[in-house]
Structure formats: structure tokens, C-alpha cells
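Analysis of the macromolecular model
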Amino acid sequence: VRKALTPAQLSRVVRIFSRVLHDVSMNMPLSMQVTAVRLLLHLVEQIVTNKDPNPQVGRDLLVRILNAIIQKFVTVEQRVDGLLEAVEKESRESRENRGDTHLMEKQDTRVEVMSFNAFDSSY
């Protein structure tokens, strides 16, 4: 069925599934977003092998797919950073409430040493 899609139909499919990928208002399930990414990536081959007389249409579709996936990565990165900060803050507050400051200092030192070693091993 994908082989028979016209460039206009491909454009519509890319638009719809890009919206599904970024839809946060309906709390789209993760499985739906994964399916949208898979479909968009499978469409790349169809777009590249399309024999449309105007190759610019295919290039525009490929750029739209790439932009949609890049924007999803940016969104995921922002959410992960926020979650990590919240977990770290909650962990510190929990330790402070229990009075585990000595343990907290030890863990902070261990994290600094680990990050230094990780940086050092890259060279």
C-alpha cells in the first residue's frame, strides 16, 4: 500500500504522524508515539525511491520527518533533565530530613570522582 502513495498523500501522512509524535494534550500513549516514529522512518525509503518529476517534494518531506524526530529528541531531553533534577532534589531533601549529612557528603564526593574519571578516560 505504501508503494502506491502519491506525494500529496505522503505529505498528509507525514503531517498527521508528526502531530501524533508531538501531541501532549491528549496524553498520547508511548506505544502510539513509537508507532508514529516507526512509520515515519519506514516512509523515508518510499520517499527516496519515489519517481516524482519534482524531487524537491521528496526532499521537503525528508526534512519534515527529520525535523519532527529532532524536535522529539529535544523534548525528551528537556523532560529527562527536569526529572533528574527533581529526583536529585527529593533525594537531598529526604537525606537532610533524616540527618544523613555525612552520607550525603560521601555520595557527593563519589559523584565528583566518578564524573572526573569519566571525563579523564575520554582522552
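Residues numbered from 1 in each chain as written. Predicted model: local features only at pLDDT ≥ 70, side-chain atom pairs only at ≥ 80, totals over all residues. Heavy atoms only, no water.

For Ser 18, the position within the fold is in helix α1 (residues 7–22). Exposure remark for Ser 18: the relative accessible area of 13% places this residue in the buried category. (Helix = DSSP H or I, 4+ residues; strand = E, 2+ residues; numbered from the N terminus. Buried < 20%, exposed > 50% of the residue type's maximum accessible area, 1.4 Å probe, protein only.)

Moving on, we come to the nonpolar core. With 11 residues, the main nonpolar core is built from Leu 10, Val 13, Val 14, Leu 21, Leu 40, Leu 43, Ile 47, Leu 61, Ile 65, Ala 68 and Ile 69. Sorting the residues of this core by element identifies α1, α2 (30–48) and α3 (55–98) as the ones contributing at least two each. Sequence-distant contacts of Ile 65, defined by excluding residues within four places in its chain, comprise Val 14, Leu 40, Val 44 and Ile 47. (Core = buried A, V, L, I, M, F, W, Y, C linked by side-chain atoms within 4.5 Å. Contact = heavy atoms within 4.5 Å.)

The subject of this paragraph is α1. An ideal rise of 1.5 Å per residue puts 22 Å on 16 residues; α1 measures up with 23 Å between its terminal C-alpha atoms. Taken together, the buried positions of α1 are Leu 10, Val 13, Val 14, Ser 18, Val 20 and Leu 21. Here the buried residues of α1 occupy an arc of 155° about the axis, which is enough to place them on one side. Contacts made by the buried residues of α1 are with α2 and α3. (Expected span 1.5 Å × (residues − 1). Arc of directions from axis to C-beta.)

Limitation: the analysis is restricted to geometry and does not speak to function.
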